[in-house]
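Residue-level structure breakdown
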Amino acid sequence: GAVVSQHPSWVICKSGTSVKIECRSLDFQATTMFWYRQFPKQSLMLMATSNEGSKATYEQGVEKDKFLINHASLTLSTLTVTSAHPEDSSFYICSAREYNSPLHFGNGTRLTVT
Amino acid sequence: GNSVTQMEGPVTLSEEAFLTINCTYTATGYPSLFWYVQYPGEGLQLLLKATKADDKGSNKGFEATYRKETTSFHLEKGSVQVSDSAVYFCALSENQGGKLIFGQGTELSVKP
């Protein structure tokens, strides 16, 4: 079946640094990718939607200058958390689909900012 | 706006017990409804879905019926197993290809 690979699975970074998370579709063309953030014991909060070759559409309240999303190819999208702070510590999950086919999720990235 | 509300967890059951996880939704149109499951250390997987009123989604012994009159999509299983221990998310999508809106998730723990 369709696989979405997310890397790294966990990362620890110092406050003020930036960290990049990759999301790859391994056996299909990811025409649309979604980035979610999940707090402990809480739901997935949609951060942004990106279509290949276009700028990402951010949800209300999500700082686009802080969470940079790039979807430059049909198999790769990246989320860069810039100038990370401890409150950015969270579980970030990507999902991808090819046109209107079912959505597939990555295994998530646990970010800890110290 | 659209929203999904699930019963709070954690839910702890003994093996072979009956499971119900309640889910209600608010939507302006006629959404598709989904149940996703997240096993420990893994990503979300689609468990079942229903795209219109009165549809019943089913998979792996789990069932949920799209009830427009009560705006509900409760998840049920007749006999749970230890391997069903996971977090279950109810979600809706207003249109095919559109974004998913998730409930807060319900953690299920099944004891032998």
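Described in the following lines is the structure provided in the data block. Here the structure is a predicted model, which means the values were calculated and not measured.

Here we take up the interface of chain A and chain B. Listed as interface residues are 17 residues of chain A and, on the opposing side, 16 residues of chain B. For the pair chain A and chain B, the two sides together bury roughly 1,300 Å², of which 52% comes from carbon and sulfur. Counting the surface chain A buries against chain B, the share from its top three residues, Ser43, Asn100 and Phe105 of chain A, is 31%. On inspection of chain A and its partner chain B, the count reaches one salt bridge.

Another aspect to go through is the nonpolar core. With 26 residues, the main nonpolar core has Trp35, Leu47, Leu48, Phe73, Leu75 and Tyr88 of chain B as its most contacted residues. Of all the elements in the fold, those that place two or more residues in this core are strand 2 (11–14), strand 3 (19–21), strand 4 (23–26), strand 5 (32–38), strand 6 (44–50), strand 8 (62–65), strand 10 (86–93) and strand 12 (106–111) of chain B. It is strand 10 of chain B that contributes the most residues to this core, four residues altogether. Each residue touching Leu47 of chain B, except ones within four places of it in the same chain, is listed here: Trp35, Tyr36, Val37, Asn59, Lys60, Phe62, Leu75 and Tyr88 of chain B. Listed in part, the 24 residues of the second largest apolar core include Val11, Met33, Val62 and Cys94 of chain A.

All names here are of chain B. A large share of strand 10 lies buried, amounting to seven of its eight residues. Inspection of the sheet shows strand 5 paired to strand 10 by seven bridges, in the antiparallel sense. Pairing of Gln38 across the sheet is with Val87, part of strand 10. Note: strand 10 against strand 12, three bridges, orientation antiparallel. Bridged to Tyr88 within strand 12 is Thr106. Bridge count between strand 10 and strand 11 (residues 100–102): three bridges; the pairing is antiparallel.

Moving on to the sheet that holds strand 8 (residues 76–81) of chain A. All names here are of chain A. As summarised here, the arrangement of the four strands in space is 1-3-8-7, forming an open sheet in which the pairing is antiparallel. With one partner strand each, in any of the chains shown, strand 1 (4–7) and strand 7 (67–73) form the two edges of the open sheet. Mean inter-strand twist for the sheet, computed between neighbouring axes without regard to direction, equals 15°. With six bridges joining them, strand 3 (residues 19–25) and strand 8 adopt antiparallel strand pairing. Residue pairing across strands places Lys20 opposite Thr80, the latter belonging to strand 8.

All names here are of chain A. In this structure, Arg37 sits in strand 4 (residues 32–38). Buried within the structure, Arg37 lacks any salt-bridge partner; Asp88 is the closest side chain of opposite charge, at an N-O distance of 4.5 Å. Among the polar contacts made by the side chain of Arg37, one reaches the main-chain carbonyl oxygen of Glu87 at a distance of 2.6 Å. Within the structure, the side chain of Arg37 is placed 3.3 Å from the side chain of Ser90, a separation counted as a polar contact.

Turning next to the pattern of salt bridges. Residues and elements named next belong to chain B. Enumeration according to the criterion identifies six salt bridges over all chains in this entry. Here Lys52 and Asp55 are joined by a salt bridge, their closest N and O atoms 3.3 Å apart. Residue Asp84 pairs with Lys77 through a salt bridge whose shortest N-O separation is 2.8 Å. Like Lys77, Asp84 is buried.

Cut-offs applied
- Residues numbered from 1 in each chain as written.
- Chains lettered and ligands numbered in written order.
- Predicted model: local features only at pLDDT ≥ 70, side-chain atom pairs only at ≥ 80, totals over all residues.
- Heavy atoms only, no water.
- Contact = heavy atoms within 4.5 Å.
- Buried area = accessible area lost by both parts, 1.4 Å probe.
- Salt bridge = Lys/Arg side-chain N within 4 Å of Asp/Glu carboxyl O.
- Core = buried A, V, L, I, M, F, W, Y, C linked by side-chain atoms within 4.5 Å.
- Buried < 20%, exposed > 50% of the residue type's maximum accessible area, 1.4 Å probe, protein only.
- Helix = DSSP H or I, 4+ residues; strand = E, 2+ residues; numbered from the N terminus.
- Pairing = 2+ DSSP bridges.
- Axes fitted to C-alpha atoms, helices over the stretch in contact; angles between N-to-C directions.
- Lys, Arg positive; Asp, Glu negative; His and termini not counted.
- Polar contact = N/O pair within 3.5 Å; in protein donor to acceptor, adjacent residues only side chain to side chain.

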